[in-house]
Amino acid sequence: MTILRSQHISASEADYDRDGVVQVNGLFTSKEMDTARAAFTEQVRHDRAALGARDGLAPGDILSRYPRFMQPHRRADLEVGLLARRLMTDRRLLGVVERLIGPAYGAQSMFYFKPPTARGQAMHQDNYFLRAYPETCLAAWIAVDHCDAANGALSVVPGSHTMEVVCPEVADTEESFTTGLVRPSAGLRTVQTSMDPGDVLFFHGSLVHGSLPNTTCDRFRRSLIFHYVPRSSVEIASWYLPLVAADGTDRTIAAASGGGPCGDT
Ligand SMILES: O=C(O)CCC(=O)C(=O)O
């Protein structure tokens, strides 16, 4: 898997086509990540219900104190909402997105706190959820804290983006707070990422990826995640509507219905 400095992203398209994933280091400054960390941490301490996903967590689960935040960019009434929309449409980020998939809309923002001891998220493919059509989605996974194997940084399977989006098996919920598991095709190797604040991992909607638990006793693994779809997309699951144009305004396309890889209607 290729890791580039942000000044050298011209090399990124061929790597992305081959691997379905490329890491661009130093796209944001550590100061910008300090600001994001402080704002989201203040929000979760003050009012986690405003943005927290339900995820079926038991009250004693550390993740129920630090739930992942969903679609913060839709909350213009919150500081984190304004920040998320600004970063989602940041020119540095959109510049790489456009190199990889052409003109694009933002479809989702999320913030993961992943405190010490928290479970990870089993291996999966993002377009199983987004159902962007006729192309797929692209994730931009931004490290807010330093992350590595110990605090549950992302693992990716380069080359797995050529797989179909498949119906997941049942995951081990001792290790994962989500219940679906996708196994990569035989012969593909899983790569453990390691990232510093401001580094960004870009990956294809069919790429198999996930994370293991945070095994440290003192290191959060916070990350800000955006998903994009090509502007030529004709439909997407309704949760992701409205989309966000490069100028920060909302756009709508048709809502996808039925026909997922598990045959759901
Ligand atoms: O950050 C993680 O641990 C998992 C996030 C992820 O897989 C995703 O956003 O699709």
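Bear in mind the structure is a predicted one, so any value in this text is a computation, not a measurement. (Residues numbered from 1 in each chain as written. Predicted model: local features only at pLDDT ≥ 70, side-chain atom pairs only at ≥ 80, totals over all residues.)

Our focus in this paragraph is the site of the ligand. Contacts to the ligand come from Tyr-112, Gly-120, Gln-121, Asp-126, Ala-139, Leu-154, His-209, Gly-210, Ser-211, Ser-223 and Ile-225. Those elements that place two or more of their residues in the shell around the ligand are strand E12 (209-211) and strand E13 (223-230). Among the residues forming the shell around the ligand, the class breakdown is four nonpolar, six polar and one charged. (Near = placed C-beta within 6 Å. Helix = DSSP H or I, 4+ residues; strand = E, 2+ residues; numbered from the N terminus. Nonpolar A, V, L, I, M, F, W, Y, C, P; charged D, E, K, R; others polar.)

The subject of this paragraph is the nonpolar core. Residues Val-97, Ala-107, Ala-140, Val-200, Phe-202, Tyr-228 and Val-229 are the most contacted members of the largest nonpolar core, which totals 70 residues. Every residue in contact with Ala-107, bar those within four places of it in the chain, is listed here: Leu-130, Cys-137, His-227, Tyr-228, Val-229, Ile-236, Tyr-240 and Leu-243. (Core = buried A, V, L, I, M, F, W, Y, C linked by C-beta atoms within 7 Å. Buried ≥ 20, exposed ≤ 12 C-beta atoms within 10 Å, placed from the backbone. Contact = placed C-beta atoms within 7 Å.)

Where helix H1 (residues 12-19) meets helix H5 (residues 91-101), the axes come as close as 9 Å, and the angle between the chain directions of the two elements is 60 degrees. When the interaxial angle is binned, H1 and H5 end up oblique. For the crossing formed where H1 meets H5, the hand is right-handed. In contact with Ser-12, Glu-13 and Tyr-16 of H1, H5 contributes Val-96, Arg-99 and Leu-100. Class assignment of the residues belonging to the contact of H1 with H5 gives a composition of three nonpolar, one polar and two charged. (Axes fitted to C-alpha atoms, helices over the stretch in contact; angles between N-to-C directions. Parallel < 35°, antiparallel > 145°, perpendicular 65-115°, else oblique. Left-handed = near helix turned anticlockwise from the far one by under 90°.)

Cis peptide bonds are those with omega within 30 degrees of zero, and the linkage from Tyr-133 to Pro-134 qualifies with 10 degrees. Inspection of the secondary structure puts Pro-134 in the loop between helix H6 (127-130) and strand E6 (138-143). At the junction of Leu-241 and Pro-242, the peptide bond is cis and its omega measures out at 0 degrees in the coordinates. The phi dihedral of Gln-71 is positive, around 50 degrees, even though this residue is not glycine. Inspection of the secondary structure assignment puts Gln-71 in the loop between strand E3 (69-70) and helix H4 (79-88). According to the C-beta neighbour criterion, Gln-71 is partly exposed, with 16 such atoms within 10 Å. With a phi close to 55 degrees, Arg-131 is a non-glycine residue in the positive phi region. Take Arg-131: it is sitting in the loop between H6 and E6. Its 25 C-beta neighbours within 10 Å are what place Arg-131 among the buried residues.

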